[in-house]
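Here are the chains, one letter per residue:
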Amino acid sequence: MGSMNIGVLGTGIVGRTVGSRLVELGHAVAMGSRDTDNPVAHEWLASVGTARGARVGTFADAAGHGALVLNATSGAASIAALKLAGDRNLHGKVLLDLANPLDFSHGMPPSLSVANTDSLGEQIQRSFPDVKVVKTLNTVTADVMVHPERLPEETTMFVSGNDAEAKATAADLLRSFGWRSIVDLGGIEGARGQEMYLPLWVSLMGAQSTPNFNVRLVRA
Ligand SMILES: NC(=O)c1ccc[n+]([C@@H]2O[C@H](COP(=O)([O-])OP(=O)(O)OC[C@H]3O[C@@H](n4cnc5c(N)ncnc54)[C@H](OP(=O)(O)O)[C@@H]3O)[C@@H](O)[C@H]2O)c1
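The rules behind the values
Residues numbered from 1 in each chain as written. Predicted model: local features only at pLDDT ≥ 70, side-chain atom pairs only at ≥ 80, totals over all residues. Heavy atoms only, no water. Near = heavy atom within 4 Å. Polar contact = N/O pair within 3.5 Å; in protein donor to acceptor, adjacent residues only side chain to side chain. Areas by Shrake-Rupley, 256 points an atom, 1.4 Å probe, with all protein chains shown as cover. Core = buried A, V, L, I, M, F, W, Y, C linked by side-chain atoms within 4.5 Å. Buried < 20%, exposed > 50% of the residue type's maximum accessible area, 1.4 Å probe, protein only. Helix = DSSP H or I, 4+ residues; strand = E, 2+ residues; numbered from the N terminus. Contact = heavy atoms within 4.5 Å. Salt bridge = Lys/Arg side-chain N within 4 Å of Asp/Glu carboxyl O. Arc of directions from axis to C-beta. Axes fitted to C-alpha atoms, helices over the stretch in contact; angles between N-to-C directions. Parallel < 35°, antiparallel > 145°, perpendicular 65-115°, else oblique. Left-handed = near helix turned anticlockwise from the far one by under 90°. Nonpolar A, V, L, I, M, F, W, Y, C, P; charged D, E, K, R; others polar.

Q: Summarise the site of the ligand; cite the residues concerned and give the values.
A: Surrounding the ligand, one finds 23 residues, the nearest of these being T11, I13, V14, R34 and T73. Here an oxygen atom of the ligand and a backbone polar atom of R34 are 2.8 Å apart. At 3.1 Å from an oxygen atom of the ligand is found a main-chain nitrogen or oxygen belonging to N100. Look at the ligand: alone it shows 890 Å² of surface, and the protein chains cover 73% of it.

Q: How would you explain the nonpolar core if you had to name every residue and give the values?
A: If you look at the biggest cluster of nonpolar residues, it comprises 33 residues, and the most contacted ones within it are L22 and L96. In terms of residues, this core owes the most to one element, helix α8 (residues 164-177), which gives five residues. Other than its neighbours up to four places away in sequence, L22 contacts I6, V8, H27, V29, L70, L173 and F177.

Q: Talk me through the pattern of salt bridges; I want residue IDs and the actual numbers.
A: According to the stated counting rule, one finds nine salt bridges in the structure shown. Close ionic contact of K135 with E195 constitutes a salt bridge, the shortest N to O distance being 2.7 Å. Here E195 lies in helix α9 (residues 191-196) and K135 lies in strand β8 (residues 132-136), a separation of 60 residues in the sequence. An identical accessibility class is assigned to K135 and E195; each is buried. Bridged by salt links that share partners, the residues D97, K135 and E195 form one connected network.

Q: Account for helix α10 (residues 198-208), with residues named and values stated.
A: Listing the buried residues of α10 in full gives L198, W201 and V202. The arc that holds the buried residues of α10, viewed along the axis, is 100 degrees, so those residues lie on one side.

Q: So, the side chain of H65: which residues are in play, and what are the values?
A: Structurally, H65 is set in helix α3 (residues 59-65). Residue classification places H65 among the buried residues on the basis of a relative accessible area of 12%. When sequence neighbours within four positions are dropped, the list of residues in contact with H65 reads N5, I6, G7, A28, V29, A30 and R55.

Q: Which residues make up the packing of helix α4 (residues 78-85) against helix α6 (residues 120-127), and what values do they have?
A: In the contact formed by α4 and α6, the axes pass within 10 Å of each other and the chain directions differ by 30 degrees. Accordingly, the angle class assigned to the pair α4 and α6 is roughly parallel. In this structure, α4 crosses over α6, and the sense of that crossing is right-handed. Of α6, the residues touching α4 (which contributes S78, I79 and L82) are L120, Q123, I124 and S127. Of the residues belonging to the contact of α4 with α6, the class tally is four nonpolar, three polar and no charged.

Q: Describe the environment of T136, naming the residues involved and giving the relevant values.
A: Tracing the chain through its elements places T136 in strand β8. Taking the C-alpha atoms as reference points, T136 and E195, 59 residues apart in sequence, are found 9.8 Å from one another. Non-local contacts of T136, meaning those with residues more than four positions away in its chain, are made with L96, D97, L98, M157, F158, V159, L174 and Q194. There is a polar contact of 2.8 Å between the side chain of T136 and the backbone oxygen of F158.

Now the structure itself:
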């Protein structure tokens, strides 16, 4: 895919890892945070440089900059972060939702704050009806998101969302990261399964003693 303006909402390991990969792929990335002086965001900017148009700012700055916007904020705070990003800055755009609604308030392992009949992806879609939400990448650790080839075998990435063109844009981005097996789960309600996979992911991480793994869909 050609170079795009991309807004990355989030300064955690996901925002920084995905943001760096996007810069490497030639995109102009704006990383958003609650605070323009966020030291982690500025460290990230120093690491990628400004030559390709990378910058940091508020959630609103990043959302306004992006033709494509990525939600890489804490699941518990994603709706609040997207409200700070602002309806006007998100209007009509494709929003890739990488977040998981993990609730750490009762200790480890985390539970899900929403499940079964609803999901964070759907909550975001309902809160921002003019945004084209695509749930993806939430089922793997940050490094695997952008370097699936580091796993020794091809594995599967899932997408769900209500807008076919938005899912095609998401798939283009995923392919540019190296994903080859991309499975479309249908509408944004597919986010339920993508998010409810997390308890299994957490158990697998414990059992494997590494976050660097993924699953592969094998069909008859
Ligand atoms: N870690 C992984 O490998 C991984 C893998 C798959 C999916 N995920 C999901 O990806 C998302 C990001 O994960 P992460 O580990 O990179 O970071 P994180 O610590 O879960 O989230 C950090 C981001 O959330 C924002 N945030 C926190 N509280 C907020 C609030 N009250 N209001 C508004 N924004 C708030 C922070 O804003 P500031 O920048 O202002 O501090 C920061 O940008 C999460 O939903 C996580 O479940 C993570």
